[in-house]
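Analysis of the macromolecular model
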Amino acid sequence: MKGNSYLSRKIHSLLGVIPLGLFIIEHMITNYSAYEGGAQGFSDSIKFLNDLPLVFFLELFGIWLPLLFHGVYGLYVAYQSNLNTGQFKYGRNWAFAVQRITGVITFIFIFWHLYQTRLQVMLGEVKHEELGNLMHDITSNGLYFVLYVIGVLAATFHFSNGMWAFLVSWGITVGPRAQRISSFLWMGVFVIVAVMFLLSLGAFRGDEFKEAASAALQLTNLV
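Residue numbering note: each chain is counted from 1, following its sequence as written. Only residues with pLDDT of at least 70 are given local features in this predicted model, and only at 80 or more are side-chain atom pairs given and counted; all residues enter the totals for whole chains, interfaces and linings. Hydrogens and waters are ignored; side-chain quantities use all the structure's heavy atoms.

As for the pattern of salt bridges
Each salt bridge in this description consists of a side-chain nitrogen of Lys or Arg and a carboxyl oxygen of Asp or Glu lying within 4 Å of one another. Applying the stated criterion across every chain, the model contains two salt bridges. We note a salt bridge from aspartate 51 to lysine 47, for which the minimum N-O separation is 2.7 Å. A salt bridge links arginine 118 to glutamate 59, with the shortest nitrogen-to-oxygen separation between them at 2.6 Å. Of the two residues, arginine 118 is situated in helix 5 (residues 118-122) and glutamate 59 in helix 3 (residues 55-80); the sequence distance between them amounts to 59 residues. For arginine 118, a relative accessible area of 22% puts it in the partly exposed group. Helix numbering and strand numbering both begin at the N terminus, where a helix is a DSSP run of H or I of at least 4 residues and a strand a DSSP run of E of at least 2. The buried label goes to any residue with under 20% of its type's maximum accessible area, the exposed label to any with over 50%, and the partly exposed label to all in between, with areas taken from a 1.4 Å probe on protein chains only.

Side note on the packing of aromatic side chains
Centre-to-centre distance and the angle between the planes together describe a pair of aromatic rings. Aromatic rings from Phe, Tyr and Trp, with only the six-membered ring used for Trp, were paired whenever their centres fell within 6.5 Å, and each pair was classed as stacked if the ring planes differed by under 30 degrees, edge-to-face if by over 60, and tilted otherwise. In this structure the tally under the stated criterion is 15 aromatic pairs. With a centroid separation of 5.7 Å and 0° between ring planes, the pair formed by phenylalanine 69 and tyrosine 73 is classed as stacked. Within this pair, phenylalanine 69 and its partner tyrosine 73 are both found in helix 3, separated by four residues, close to a single helical turn. The class of tyrosine 73 is buried, set by a relative accessible area of 4%. Should the NZ of a Lys or the CZ of an Arg lie within 6 Å of a ring centre and within 35 degrees of the ring normal, that charge is described as sitting over the ring. One Lys or Arg, lysine 10, reaches over the ring of tryptophan 170 and ends 4.7 Å from the middle of that ring. Between the NZ or CZ atom of arginine 205 and the centre of the ring of phenylalanine 145, over which it lies, the distance is 4.4 Å.

Below is the structure:
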């Protein structure tokens, strides 16, 4: 690993932006449709995604494999990191430490979320059009809801702060002024994306998804 650490870190950094950064934005927009359009709006968004051509290969090469490499290598980087927050207490050093911590939380959260949702679809336990009902059941559990809030905040911070680090490491924001402006910009993105995700979680707990879940359960019992 040490012989090609520079290349591995560059690939790890690039995958965090393309495609995984784009995936986070897409996932935010899809989930936000639950807040903006209710159960029907969320169902329409899910249908649109699953009607895309070659969707299996898009997910395999655009999400799952990049996510696996970025996540596993990220854990390796976090393990080797020297967190000097006790020695150098300034903002960027704390951001470096939180970036590593949120990376671990995000890795665990994403695979837990995939187990609860995507894997259940693959196993035939849940249909795509029933994902809104499933998310209602998950978020209605108080413990799960708190863990989802923590996971969402960790993932969105990791993404936003990671974008700041990407621009620095790739030589796009070079000087202190550019990096300071970039820091404000991406913390603004963190707030916006986090709020949209949290609004989505709140929407899944709402009466419309509750009624949809109840109707689906009654239909299942009739069948």
